[in-house]
Amino acid sequence: MPTKGKGKDMNKASQIVGTIVLVICLSSLFQWPIFYGLIKLSIFSCNAISNLTYPSPSTKLERTPSSPAVQPEVTPSKDGFIESADNKTEMSFHEQEDSIILLESRADSSKPKQQALHAHGYAHYPFVQFSAYRDSERTFFLIGITSVVARGFDQPVQWCEWQPLNNGSQQSAPTVATKAHMIYVYYDQLPRLYVVAMVNCTFEEEVGIKNEGGLLFITVSVGPHLGDTERKLALEEKKGTASDLIRKRNNPPSLKIAFCGPPLHGNIRADWILQWLMYYHYLWKEKAHFFFYNVGGLGDSHRRVLDPFLKGGYLTIIDAVDQNIFPSWYHNQLLFINDCLHMTRYLSSWTFFHDMDEFLFVPRPRTLDKLLDRHKEKTFITFGSIPSATSLCADPPLKRSHWLVQRFLWMQKRPHCLSDQDPWVCLQGPGARKYVVNPRKIIAAAVHNTALPSEGGINLNATMARMYHYHGALSGDAKLCEKKVNVSLPRDQLEQEFPEVQQYNTDLSISKAVDKARKYCALFLKTL
């Protein structure tokens, strides 16, 4: 019995094996056309690729006029695959619309192959000009931005040319040329695709001083090869401009103070700008002119609020058009700083650079006028920054008429400092310092300090003068006064209810100063 069972099992096994073999054979038979097709397609593709050749080094690449692309004739083979009508015909490809012939038919495979790179358009502009100013009888400055790539590997602007106008005509007027000198402004903030650059055009001889007017041209690199340049008009100077500049330079400035504002963008509080402007109008005793750079933040409602200062000749609004096309740090803040610096060079004795959420305060017995007069020979003066807790607001306010800035009463106990320096004299970016300069002694400026030169100034201890910084208060989207604090409570009870108050000092300096500013400006505005 065991023997018979074993035989039956072997018969079943052999039947199973036979069935499997039969299935495999049938599958192979049906799959063969597919395998054959893949093999033939591979052979066809390899033949086509092997026939593609590139011009030799001695072959000049030529441009062809626009013409329809020539396609090889193809016919289906008996087994349904596409191949050349004539198997001996090689394939060549032509790129349409002014393209370069890259492939030739029947090229000798023994010759070296080459393929060129061909640039189309501009990835980054080498120099984007914003403004131009005459600095002296021989020198001009162009203010703009440059690509970070061009800054590192190229000379974006190569030459400057001056072409005088003879009786208002350019005909037969001799031109004078000089090499352009690029000034790459040190940026103390994060770089973007573009960074600030200036062009110094200093000629060997005086140009345009006979009041005939003239044209300043620059030669700009536009390609990777020597000679890939374009000549661009940078400045058209009217008659009498040079003599006006010389007169301003040889006389005291018409203003004591100029203020160069940051780019105004986004949702801005009109009431905050008015409070800020009134405060500084009082602090600088009407001896200042304000320059605001608008990049979309100032609308009609803001201009109506600022109208008294505009009509009074105290404020100039500069609408910067299309600045967002060329992304640079904080809406091109550094560009506007340097434009304003050169614009006010012979206009003011001092030029301030800071934001509109910062209030300068000089404790008694010192005054700002005395401070500036004492350091009038300095290149610059910097001020420490003390942040305010804008999430804490006095509620109810000390006075019903108090403005928003007067409700921010809690300041950090020490000035801002992101390094191991003494916080009261913490310098440059780590100290978030802001500053004022003598514009006749500065060529380039950054956000927290001067760039060229960077010496010759004084960094004041924050006990002598300081900026109170109400970070974000200018923006209508900022979350302010998240906690209402009753300042009439005893200090112990106040700290129990609001533990965060312990890290701040209660400081009424700005609140009291704003009260004085409001009274000072009441007659001027006639609305308060």
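All values reported here derive from a predicted model rather than from experimental measurement.

(A) Local environment of the overall build of the chain. Of regular secondary structure, the chain possesses nine helices and 25 strands. Considering only residue pairs separated by 6 or more positions, the chain has 74% of its internal contacts joining residues 24 or more positions apart. Surface summary for the chain: the accessible area is close to 29,200 Å², and the carbon and sulfur share equals 55%.

(B) Broad picture of the state of the cysteines. Under the counting rule described, the total for this entry stands at four disulfides. With its sulfur 2.0 Å from that of its partner, Cys-260 forms a disulfide with Cys-340. Its torsion about the S-S bond being -80°, the disulfide of Cys-260 and Cys-340 is classed as left-handed. Placement of the pair is Cys-260 in strand E11 (residues 255-264) and Cys-340 in helix H6 (residues 329-343), with a sequence separation of 80 residues. The same class applies to Cys-260 and to Cys-340, which are both buried. Paired through a disulfide, Cys-417 and Cys-426 show a sulfur-sulfur distance of 2.1 Å. Torsion about the S-S bond of the Cys-417 and Cys-426 cystine: about 70°, corresponding to right-handed handedness.

(C) Molecular detail of the packing of helix H4 (residues 270-283) against helix H5 (residues 300-311). Interhelical geometry of H4 versus H5 gives an angle of 15° and a closest axis separation of 9 Å. By the angle class used here, H4 and H5 are roughly parallel. Crossing handedness for the pair H4 and H5: right-handed. Each of Ala-270, Ile-273, Leu-274, Leu-277, Met-278 and His-281 in H4 lies in contact with H5, whose residues at this interface are His-302, Val-305, Leu-306 and Phe-309. Here the contact of H4 with H5 is composed, by residue class, of eight nonpolar, two polar and no charged.

Rules and cut-offs
- Residues numbered from 1 in each chain as written.
- Predicted model: local features only at pLDDT ≥ 70, side-chain atom pairs only at ≥ 80, totals over all residues.
- Heavy atoms only, no water.
- Helix = DSSP H or I, 4+ residues; strand = E, 2+ residues; numbered from the N terminus.
- Contact = heavy atoms within 4.5 Å.
- Areas by Shrake-Rupley, 256 points an atom, 1.4 Å probe, with all protein chains shown as cover.
- Disulfide = S-S within 2.5 Å.
- Buried < 20%, exposed > 50% of the residue type's maximum accessible area, 1.4 Å probe, protein only.
- Axes fitted to C-alpha atoms, helices over the stretch in contact; angles between N-to-C directions.
- Parallel < 35°, antiparallel > 145°, perpendicular 65-115°, else oblique.
- Left-handed = near helix turned anticlockwise from the far one by under 90°.
- Nonpolar A, V, L, I, M, F, W, Y, C, P; charged D, E, K, R; others polar.

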